[in-house]
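Structure assessment
Okay, here's what each chain looks like letter by letter:
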Amino acid sequence: MWQPVVRTVKSIPITDGGPKTPTYNGQMVISEKFTRTRMDGSTVGFGKDSYELDVPHAMRLSTSGTFAHGRYRGDLSVFGRAGTSRVKNSPERTVNLDNGRNGWNMPWAEQQEGSAGRTS
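The rules we used
- Residues numbered from 1 in each chain as written.
- Predicted model: local features only at pLDDT ≥ 70, side-chain atom pairs only at ≥ 80, totals over all residues.
- Heavy atoms only, no water.
- Helix = DSSP H or I, 4+ residues; strand = E, 2+ residues; numbered from the N terminus.
- Buried < 20%, exposed > 50% of the residue type's maximum accessible area, 1.4 Å probe, protein only.
- Phe/Tyr/Trp six-rings, centres within 6.5 Å; stacked < 30°, edge-to-face > 60°.
- Pairing = 2+ DSSP bridges.
- Salt bridge = Lys/Arg side-chain N within 4 Å of Asp/Glu carboxyl O.

1. Focus on unusual backbone geometry
The bulk of non-glycine residues show a negative phi, and the bulk of peptide bonds are trans. Backbone geometry places His57, a non-glycine residue, at a positive phi of 50 degrees. Its location among the elements puts His57 in strand 2 (residues 52-60). Take His57: its relative accessible area is 55%, and that puts it in the exposed class.

See below:
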């Protein structure tokens with residue numbers, strides 16, 4: 001029986017989430033890329049005046065507004081060190097399967113159960 005092969009290609013330190021806004025856990029697929037885009041906290045439920053800024057190299061990871069992106073400014077000493085979470089050790093729940101292209105988070109056995117090619 002075929003089994004998926006998962007291997008780490010590269011690990012890159014990041015700064016993500018915070019105590020009040022942790023990042024989802026799980027494997028997330030990049031569904032859109034932007035050279036530059038406007039981030040607006042009100043679109044993800046942070047309130048009308050939470051933040052609004054332009055960011056470079058934005059890559060959408062979820063339909064609900066999770067992005068990986070660069071920064072134009074910031075203290076380099078926090079890169080890869082600040083924040084309270086990582087995509088695999090976050091206090092947040094795993095991203096929902098229907099929040100973007102995140103079916104990769106479904107256990108393999110569960111994927112096989114729903115497969116048209118399943119052999120029992």
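2. With respect to the packing of aromatic side chains
The final tally for this structure, using the stated rule, is 1 aromatic pair. Here the aromatic rings of Phe34 and Phe67 are separated by 6.4 Å at their centres, their planes lie at 45 degrees, and the arrangement is tilted. Separated by 33 residues along the polypeptide, Phe34 in strand 1 (residues 32-40) and Phe67 in strand 3 (residues 67-68) bring together distant segments of the chain. With a relative accessible area of 28%, Phe34 lands in the partly exposed category. On the basis of relative accessibility, which here comes to 18%, the residue Phe67 falls in the buried class.

3. As for the sheet that holds strand 1
If you trace the 3 strands from one edge of the open sheet to the other, you get 1-2-3, paired in antiparallel fashion. Looking at which strands have only one partner, the edges of the open sheet turn out to be strand 1 and strand 3. Sheet topology note: the strand 2/strand 3 ladder contains 2 bridges and is antiparallel. Residue pairing in the sheet places Arg60 in a bridge with Phe67 of strand 3.

4. Topic: the pattern of salt bridges
Evaluated as defined, the whole model comprises 3 salt bridges. One salt bridge in this structure joins Glu32 and Arg60, with 2.6 Å as the shortest N-O distance. On the criterion of sequence distance, the pair formed by Glu32 in strand 1 and Arg60 in strand 2 is long-range, its members being 28 residues apart. A relative accessible area of 34% means that Glu32 is categorised as partly exposed. Salt-bridge contacts for Asp54 lead to Arg36; the nearest nitrogen and oxygen are separated by 2.8 Å. You can see Asp54 sitting in strand 2 and its partner Arg36 sitting in strand 1, a full 18 residues away along the chain. When its relative accessible area of 24% is taken as the criterion, Asp54 is described as partly exposed.

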